Amino acid sequence: MEESHTLMNTPQQYPESGESDQWVPLSLTLVEYPKGDILGKILALISLAPFGIGAGFVALILFRRDLHTITFFLGTCFSEALNYILKHLICEKRPLHREDIHVEYGMPSSHAQFVSFFATYIVYFVFIRLHHMNNNTIIENISKILIISSSMTVAVLVCISRVYLQYHTYSQVLWGIIVGFLFATLWFALTSLVFTPLFPQVVTWKISELLMIRDTTLIPNVMWFEYTNTRQEARARSRKLVTIKSQ
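Notes on the structure in this doc start here.

About the criteria used
Residues numbered from 1 in each chain as written. Predicted model: local features only at pLDDT ≥ 70, side-chain atom pairs only at ≥ 80, totals over all residues. Heavy atoms only, no water. Helix = DSSP H or I, 4+ residues; strand = E, 2+ residues; numbered from the N terminus. Buried < 20%, exposed > 50% of the residue type's maximum accessible area, 1.4 Å probe, protein only. Contact = heavy atoms within 4.5 Å. Areas by Shrake-Rupley, 256 points an atom, 1.4 Å probe, with all protein chains shown as cover. Core = buried A, V, L, I, M, F, W, Y, C linked by side-chain atoms within 4.5 Å. Salt bridge = Lys/Arg side-chain N within 4 Å of Asp/Glu carboxyl O. Axes fitted to C-alpha atoms, helices over the stretch in contact; angles between N-to-C directions. Left-handed = near helix turned anticlockwise from the far one by under 90°. Nonpolar A, V, L, I, M, F, W, Y, C, P; charged D, E, K, R; others polar.

### Here we look at the overall build of the protein chain
In terms of helices and strands, the protein chain carries ten helices and zero strands. Here the protein chain holds 247 residues, and 31% of them are scored as buried. A fraction of 69% describes how many contacts in the protein chain between residues 6 or more apart in sequence connect residues 24 or more apart. When the accessible surface of the protein chain is summed, it comes to about 16,700 Å², and 68% of that surface belongs to carbon and sulfur atoms.

So this is what it looks like as structure tokens:
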């Protein structure tokens, strides 16, 4: 009994791991906040908003297959690539060193740049491209205000969280906002003036037909268009089914 008790209490010996076997956290999604700080915890959750937006992009692309959505998503990818280049050219440290983050460069803030690009592009899209959302002008204006205000609110809260949680300085966040705004302006101009005129040709490609990629640029209200067409098709199939059963 004594021997078995000794064996049970003897800590297991594991072979020492080499550097190649070390485990490291995925710092891309790792967010820390002060223990017991409720506001810090809320801001830490809000700072994950860019990942939710990215997941939304993927879902929209998979289910809608719209060229403008794909172009918008490509813009966010190029914005992130630009941020990576700028960080490694400027090489400015973050305000607080964290052992779990292996790339300590913080200028400009990638989160601030991401949400700034997203919110700026949404504002341009609502004011310039989004028309006839609803037959009621009042409801349409309220919808536009809600879209813009919610996008801007998320962007502001994410930027505040990056400073509050000491992942970035004020200047790093500010420059992230500026770079995101400028790149969104450039990308929206390219999309409207260069890419959109090419969409009718792109949808005729074999790969576009295979992947069912479509262009809805000329449809003023896509949701209403899809709703009415789906309803008409459902009624037609219902009448056809009744006719078949009555024979």
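### Some remarks on the nonpolar core
Phe 72, Val 115, Phe 117, Phe 118 and Tyr 121 are the most contacted members of the largest nonpolar core, which totals 23 residues. The set of elements that each furnish at least two residues to this core consists of helix 3 (49-64), helix 5 (110-129), helix 6 (137-164) and helix 7 (170-195). When residues of this core are assigned to their parent elements, the largest contribution, nine residues, is made by helix 5. Ignoring anything within four residues of it in the chain, the contact list for Tyr 121 reads His 68, Phe 72, Ala 184, Trp 187, Phe 188 and Thr 191.

### What about the side chain of His 68?
Its location among the elements puts His 68 in helix 4 (residues 67-90). Excluding residues within four positions of it along the chain, His 68 makes contact with Tyr 121, Phe 125, Arg 129, Thr 191 and Phe 199.

### Observations concerning the pattern of salt bridges
Per the counting criterion, the structure on display carries one salt bridge. Across the pair Glu 233 and Arg 237 runs a salt bridge, and its minimum N-O distance is 2.7 Å. Taken together, the positions of Glu 233 and Arg 237, both in helix 10 (residues 222-246) and four residues apart, correspond to about one turn of that helix. On the basis of relative accessible area, Arg 237 is assigned to the exposed category, the value being 58%.

### Some thoughts on the packing of helix 4 against helix 7
Relative orientation of the contacting elements helix 4 and helix 7 amounts to 145°, with a least axis distance of 10 Å. As for the relative orientation of helix 4 and helix 7, their crossing is right-handed in sense. For the pair formed by helix 4 and helix 7, the contact residues are His 68, Thr 71, Phe 72, Leu 74, Gly 75, Phe 78, Ser 79, Leu 82 and Leu 86 on the first element and Val 179, Phe 183, Trp 187, Thr 191 and Phe 195 on the second. Of the residues that constitute the contact of helix 4 with helix 7, the class distribution is nine nonpolar, five polar and no charged.

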